[in-house]
Amino acid sequence: MNYRIGLTGGIGSGKSTVAALFAEFGVTVIDTDAISHQLTQPGGAAIEAIRNTFGGNYIEPGGALDRSRMRHLVFSDMAAKQRLESILHPLIRAQTLAQADAADDASPYFLLVIPLLFETADYPKLVQRTLVVDCTEATQISRTMQRSGLTEEEVRAIIMQQIPRAERSRCADDIIHNDAGIDTLRMQVAHLHQRYVTLSSGSH
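Per-chain numbering applies: the sequence of each chain, read as written, is numbered from 1 onward. Predicted model: local features are reported for residues with pLDDT of at least 70 only, side-chain atom pairs are reported and counted for 80 or more only, and whole-chain, interface and lining totals are derived from all residues. Hydrogens and waters are ignored; side-chain quantities use all the structure's heavy atoms.

1. Quick look at the packing of aromatic side chains
The description of an aromatic ring pair rests on the distance of the ring centres and on the angle between the ring planes.
Reasoning step 1: Two rings belonging to Phe, Tyr or Trp (six-membered ring only in the last case) form a pair when the distance between their centres is within 6.5 Å. Interplanar angles under 30 degrees mark stacking, angles over 60 mark edge-to-face geometry, and anything in between is tilted. Applying the stated criterion across every chain yields a total of three aromatic pairs.
Reasoning step 2: With a centroid separation of 6.1 Å and an interplanar angle of 20°, the aromatic rings of Phe22 and Tyr196 are classed as stacked. With Phe22 in helix 1 (residues 15-23) and Tyr196 in helix 9 (residues 182-203), this residue pair connects regions lying 174 residues apart in the sequence. Each member of the pair, Phe22 as well as Tyr196, carries the same accessibility label: buried.
Reasoning step 3: What links up through ring pairs into an aromatic cluster is the set Phe22, Tyr109 and Tyr196.
Reasoning step 4: Either the NZ atom of lysine or the CZ atom of arginine qualifies as a charge over a ring when it sits within 6 Å of the ring centre and within 35 degrees of the ring normal. For the cation-ring pair, Arg69 lies above Tyr58, with the distance from its terminal atom to the ring centre recorded as 5.9 Å. Helix and strand assignments follow DSSP, with helices taken as H or I runs no shorter than four residues and strands as E runs no shorter than two, numbered in order from the N terminus. Exposed residues in this analysis have more than 50% of their type's maximum accessible area, buried residues have under 20%, and partly exposed residues fall in between, with area computed by a 1.4 Å probe over protein chains only.

So this is what it looks like as structure tokens:
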């Protein structure tokens, strides 16, 4: 099994941008957000359990999860959030491992993008090292509003449900700071890539 780095960060921190920069070095990237979307598309493996647990109102006419309706529910109801996670997380974990097993061994290591890495007990067990993408809360809010069309209040509500920045950074083995431009980001990624190649070669 290849050496695995867990990449995480708060909403709007730039996880996808950082993952894309690592991919430029030939690193295999496995994104649990993408897996979650696949599981909740029409015919996805999570749809029937979601329908049985929450009712047909949370499934769109086309058969996909109504993400907006579900987001409003889980923000207002912690028990509902836990029920949804109990459906999705085992499926996401299984798909993550399956993708890692099927991935090209030519990759020096695998980068697993896991937004809830530190919030979910099983996810840290999947990786040998953790990397946090960090930026100021103001940057998180502005990026997320531009990207998603959510209001500032909605973005702040999401941030409040995530692990605090300071706690996330404390848990991390490595941190990338993403408040400057793409060139600064690329330099940080290049530096860490070399370190991870060395670590992965020593783990075999």
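2. Overview of the environment of Phe22
Reasoning step 1: The class of Phe22 is buried, set by a relative accessible area of 0%.
Reasoning step 2: Residues Phe22 and Leu192, 170 residues apart in the sequence, show an inter-C-alpha distance of 9.2 Å.
Reasoning step 3: Beyond its immediate stretch of four places on either side in the chain, Phe22 contacts Val27, Tyr109, Leu111, Leu131, Ile176, Val189, Leu192, His193 and Tyr196. Between two residues, a contact is recorded if the distance between any of their heavy atoms is within 4.5 Å.

3. Focus on the pattern of salt bridges
Reasoning step 1: The term salt bridge refers to a side-chain nitrogen of Lys or Arg lying within 4 Å of a carboxyl oxygen of Asp or Glu. Applying the stated criterion to the full structure yields ten salt bridges.
Reasoning step 2: Close ionic contact of Asp174 with Arg129 constitutes a salt bridge, the shortest N to O distance being 2.6 Å. In this pair, Asp174 is assigned in strand 5 (residues 174-177) and Arg129 in strand 4 (residues 129-134), connecting sequence segments 45 residues apart.
Reasoning step 3: Exposure remark for Asp174: the relative accessible area of 5% places this residue in the buried category.
Reasoning step 4: Close ionic contact of Arg156 with Glu137 constitutes a salt bridge, the shortest N to O distance being 2.8 Å. Of this pair, Arg156 sits in helix 7 (residues 152-161) while Glu137 sits in helix 6 (residues 137-148), and the two are 19 residues apart along the sequence.
Reasoning step 5: Each of Arg129, Asp174 and Arg195 takes part in one network of salt bridges that share partners.

4. Here's the deal with the pairing of strand 4
Reasoning step 1: With six of its six residues buried, strand 4 lies for the most part within the structure.
Reasoning step 2: Burial along strand 4 is two-sided: the residues Arg129, Leu131 and Val133 and Thr130, Val132 and Asp134 are all buried.
Reasoning step 3: A pair of strands counts as paired when DSSP detects no fewer than two bridges linking them. For strand 4 and strand 5, the ladder comprises four bridges, and the chain directions are parallel. Looking at the pairing, Val133 lines up with Ile176 of strand 5.

5. Digging into the sheet that holds strand 4
Reasoning step 1: Strand order across the open sheet formed by five strands is 2-3-1-4-5, with parallel pairing between neighbours. Either end of the sheet is taken by a strand with one partner, and the two such strands are strand 2 (28-31) and strand 5. Strand-to-strand twist of the sheet, defined as the mean angle between neighbouring strand axes without regard to direction, takes the value 25°.
Reasoning step 2: Against the sheet, helix 1 contacts strand 1 (4-9), strand 2, strand 3 (110-113), strand 4 and strand 5, and its axis sits at roughly 150° relative to strand 1.
Reasoning step 3: Together, strand 2 and strand 3 form the strand contacts of helix 2 (residues 32-39), whose direction differs from that of strand 2 by roughly 50°. Axis definition: a line fitted to C-alpha atoms, limited for helices to the stretch in contact. Angles are taken between N-to-C directions and run from 0 to 180 degrees.

6. Thoughts on helix 6
Reasoning step 1: A helix is expected to span 1.5 Å for every residue after the first. Given a rise of 1.5 Å per residue, twelve residues ought to cover 16 Å, and the 16 Å separating the end C-alpha atoms of helix 6 matches this to within 8%.
Reasoning step 2: Of the residues making up helix 6, those classed as buried are Thr139, Gln140, Ile141 and Thr144.
Reasoning step 3: As for helix 6, its buried residues are in contact with helix 7 and helix 8 (165-171).
Reasoning step 4: Where helix 6 ends, the next residue or the one after it, Gly149, has phi of about 80°, a positive value.

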